[in-house]
Each structure stands twice: as C-alpha cells, then as structure tokens.
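Geometric and topological summary
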Amino acid sequence: MKILYNLAGTFNSGGMERIVISKANALNEAGFRVFIVTTEQQGRKPYFKIDDRIECIDLGINYSRDNGRLLHKLLHFPFRQRKHLCMLRKVIEEKDPDIIISTFGNEVRVLPKIKTRAKKVLEIHFSKYFRTQENRRGLWRIIDRLRTRQDQRTVSAYDKFIVLTYEDKALWGDIPNIEVIPNFIDNVSTAPAKLENKKCLAIGRLTYQKGFDRLVSIWPLVHKQCPEWELAIYGNGEQRENLQRQIEKMGLSDSIEIHDPTSEISEVYQNISILLSTSRYEGLPMVLIEGLSHGLPIVSYACKCGPRDIIEDVVNGFIVEEGDADAFATRVIELINNYELRKQIGYNAWMSSQKYTKDVVMLRWTKLFTELHRIK
C-alpha cells in the first residue's frame, strides 16, 4: 500500500513534524511505501531522521514568503493555491497512492478538488479553534473566525478526519467521518523517576500559546512556602527575553532558570519531581505524555485540548481549572510536601503511559488504512 503525506516542511523541530516523520518511518518499516510532499522545504535538511527509503518531494510553493504581510498574502494566496493544486495533482497521478493524508496545512482545501482513486485522510495536530486562540486583532481576527467556520465544512470532504482527543471530537460535533487517534511516544522509561530532587519542570516553545508567563506569575506562591524548590524551564522562542525580564523583575532569578532545548531530555525528566503546564491551548501536549512515561506527577491547567484526555485528576496528576493560579499553586505545594503522594501519582502516571506507545497507536493507523483501502 502506498501512503502520501502532505506537510509544510520537514526542517522544523516542532511536535507535528516529529510525529508525522515518526509515523512515516514506522509505516515504511511495516512494509508500506511512503511519500512526503512538502511546500516550504527550500532545500533545507530534515530536522528529524527520515528513512532513506521514503521519497520526499518538495513542490516549492513557499506560502511562507507571505507571512506577516496580510495584504501581500491576500493577493498571492489564490495564485499559490492554484499552483499547489496543479503540482500536487501531477504528483498524485505519477505516484498513484492508495491513501493521501493532509496535516491541515495549505493543502487542506486543495486536496478535495483532486479526483483520484485514493482515500483522503485529514489529521489535525491542534484543536478546532486553533485559528482563533492566538487572539489576533483587526482584520486577522475576522479572517481567523471565517476560516474556522470554513474548516467545519472542509473536514467533511475527507473520507476520514482524525483528531487527537475526545475533547476536540466533541467540539467538532456530529461528524460521521471523525475518529480519535492520539500521537505516540517512541519509548516508555523502564522505571519511573525517583522524584527526590527538589525541582519542577516545564517544557515547550516560549510562546504565547504555552503560557510560561502565567507559570512565572504562579511560582512566587510556591516559592514562598517551599523556598528550597526550583523551577527549570526548557525551551526557546520569541518570548524568551520577556520571560527572563519577568523572572528578574519578580526577584525569582535564584529559583527559576531557563535552559536551551536539549537532545538529552529523557535525562532531564529522570531528575525532576513534578511536571507543570500552564498552556493557553493545545492539541495533544506531547510533553505531558512524555512526563507520564517517566513517571512524573503532573499539574496542568485544563486548557483546550489535551490535558483532560491525558490526566485523570488525582490519579496520575492534577487538573486545575483554567486560570486559577491559587489552585494551581496549592496542588504543586501538595505534591511537594507529600512524597508518598508524589510517588503514587508518579507510578500511576507511568502505568497510564502504556496506551501511548508506538506499537499501540500505529496498530490503529494501519487498521484504519487497511479498512479504507478495502472500500471501493
């Protein structure tokens, strides 16, 4: 069976790129023939390792040239879409795939216009309202709302629409082609972390979405009662300088440190005792799943979407109502002060991560593709 993925590019280090490439590699290993079609690669090397047997094809559409310039984007987008349609149609005719997958990029409205024998699958790595959750202003706000409404119609044009969480599935409503398949983690730690170090951890891009500014604002409530505990933040992004200034202004430089991303993140997890998340919105936060796989108790805001699917409150972590800083700090302090509770919740977290293993999740994907392929 031949599978064709559509992706903006493979050069990014983001979670979507990582999981799409991981799935492509796993399918290739299982005997599928896999293609990855991109639009923005511009000769850049893939960030994550792609199996040499996978054929990568870049169409050179380069939508990203218009980023940040609204008028320029409005003028050029229709022409880029037309070029995208023609070039993607040629690739599909040449490769004759059995399954074509959109990752909700610029191909999402192009692909349904192409007549092909292949079954079309749409997967979203965010949640339904990802366009409006950035709270952009002016004309961008109007465009984001209009596109969100259009998304509701677009997803029905696909044979299957895959979302990451049951929470997001509920947001889309009664769509007959919708199904939930979460992302997977490559490995589960052979044993849960010891949870003895007096450190909390937060990981992610330093952006508005991830809400690290909210976490820094919460930390004084924890630090006041538990001054010996530290918070380590791992990530890079446009808000790094602002976060550092916030930390210094609040007098927290001795208890909060921002670290660059590391390829040895598993070692970091093993030396942490509590994982924290104050995101404003998510799709399926892989950091939380990775935390589970290392046996870390989690305290997370109940943002849309993901935390409610991953965390069973008081069993493998704590879910805190969105924006309730006092409740968030209370839960962190509770875990700090009760080592036995930390250990029990951490063990439960480690056990619950089994449903996110590669073997379990990829079995669901191969079953889906096989069933679609049988439908004529």
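Before any of the text, the structure's been laid out above.
Rules behind the numbers
- Residues numbered from 1 in each chain as written.
- Predicted model: local features only at pLDDT ≥ 70, side-chain atom pairs only at ≥ 80, totals over all residues.
- Heavy atoms only, no water.
- Pairing = 2+ DSSP bridges.
- Helix = DSSP H or I, 4+ residues; strand = E, 2+ residues; numbered from the N terminus.
- Axes fitted to C-alpha atoms, helices over the stretch in contact; angles between N-to-C directions.
- Parallel < 35°, antiparallel > 145°, perpendicular 65-115°, else oblique.
- Left-handed = near helix turned anticlockwise from the far one by under 90°.
- Contact = heavy atoms within 4.5 Å.
- Nonpolar A, V, L, I, M, F, W, Y, C, P; charged D, E, K, R; others polar.
- Phe/Tyr/Trp six-rings, centres within 6.5 Å; stacked < 30°, edge-to-face > 60°.
- Buried < 20%, exposed > 50% of the residue type's maximum accessible area, 1.4 Å probe, protein only.
- Lys NZ or Arg CZ within 6 Å of the ring centre and 35° of its normal.
- Salt bridge = Lys/Arg side-chain N within 4 Å of Asp/Glu carboxyl O.
- Right-handed = clockwise from strand over helix to strand, strands pointing away.

Before going further, it helps to spend a moment on the sheet that holds strand E6 (residues 160-163). Taken together, the seven strands give an open sheet; going across it, the order is E3-E2-E1-E4-E5-E6-E7, and neighbouring strands pair in parallel fashion. The open sheet has two edge strands with one neighbour each: strand E3 (55-58) and strand E7 (178-180). On average, each strand axis in the sheet is inclined to that of its neighbour by 25 degrees, with strand direction left out of account. With three bridges connecting them, E6 and E7 associate as parallel partners. Bridge pairing links Phe161 to Ile178 in E7.

The contact between helix H5 (residues 212-225) and helix H10 (residues 325-337) brings their axes to 9 Å, and the two run at 45 degrees. The orientation of H5 relative to H10 falls into the category oblique. For the element pair H5 and H10, the recorded crossing hand is right-handed. Packed against H5, whose contacting residues are Leu215, Ile218, Leu221, Val222 and Gln225, the element H10 presents Ala325, Asp326, Phe328, Ala329, Val332, Ile333 and Ile336 at the interface. Its residues assigned to classes, the contact of H5 with H10 shows ten nonpolar, one polar and one charged.

Two aromatic rings are characterised by how far apart their centres lie and by the angle between their planes. Scanning the model with the defined rule gives nine aromatic pairs in all. Judged by centre distance (5.6 Å) and plane angle (45 degrees), the ring pair of Tyr63 and Phe77 falls under tilted. Taken together, the positions of Tyr63 in the loop between E3 and helix H2 (70-95) and Phe77 in helix H2 put the pair 14 residues apart, joining distant regions of the chain. A relative accessible area of 25% places Phe77 in the partly exposed class. These aromatic residues form a ring-pair network of at least three members: Phe104, Phe126, Phe130, Phe161 and Trp172. Lying over the aromatic face of Phe11, Arg44 brings its terminal NZ or CZ to 3.6 Å of the ring centre. The cationic tip of Arg280 hangs over the ring face of Tyr208; the distance from NZ or CZ to the ring centre is 4.3 Å.

Our next topic: the side chain of Gln246. Within the secondary structure layout, Gln246 lies in helix H6 (residues 240-249). Excluding residues within four positions of it along the chain, Gln246 makes contact with Asp213, Val216 and Ser217.

All right, on to the sheet that holds strand E8 (residues 199-203) then. Judged by pairing direction, the sheet is parallel, and its six strands sit side by side in the order E10-E9-E8-E11-E12-E13 without closing on themselves. A single partner strand is all that each edge strand has here, and the edge strands are strand E10 (256-259) and strand E13 (317-320). Strand-to-strand twist in this sheet, taken as the mean axis angle between neighbours without regard to direction, amounts to 20 degrees. Relative to E10, strand E9 (residues 230-234) runs parallel, the two sharing four bridges. When the sheet's bridge partners are listed, Tyr234 is paired in E10 with His259. Across the sheet, helix H8 (residues 286-293) touches E8, strand E11 (274-277) and strand E12 (298-301), and the angle it forms with E11 is around 170 degrees.

Before going further, it helps to spend a moment on the pattern of salt bridges. Scanning the entire structure with this criterion turns up 20 salt bridges. Residue Asp98 is joined to Arg117 by a salt bridge in which the shortest nitrogen-to-oxygen separation is 2.7 Å. Here Arg117 lies in the loop between strand E4 (99-102) and strand E5 (119-123) and Asp98 lies in the loop between H2 and E4, a separation of 19 residues in the sequence. Taking the relative accessible area as the measure of exposure, Asp98 reaches 9% and is therefore buried. A relative accessible area of 48% places Arg117 in the partly exposed class. Several salt bridges share partner residues, and in doing so they unite Glu29, Asp51 and Arg53 into one network.

Residues Ile298 and Ser300 point to one face of E12 and Val299 and Tyr301 to the other, with burial holding for every one of them. The pairing of E11 with E12 spans three bridges and is classified as parallel. Residue Ser277 lies in a different strand from E12, and its bridge partner there is Ser300. Between E11 and its parallel partner E12, the chain crosses via H8, and the hand of that crossover is right-handed. The sheet contact formed by E12 and E13 spans four bridges and is parallel. Note on E13: the bridge partner recorded for Ser300 is Ile319.

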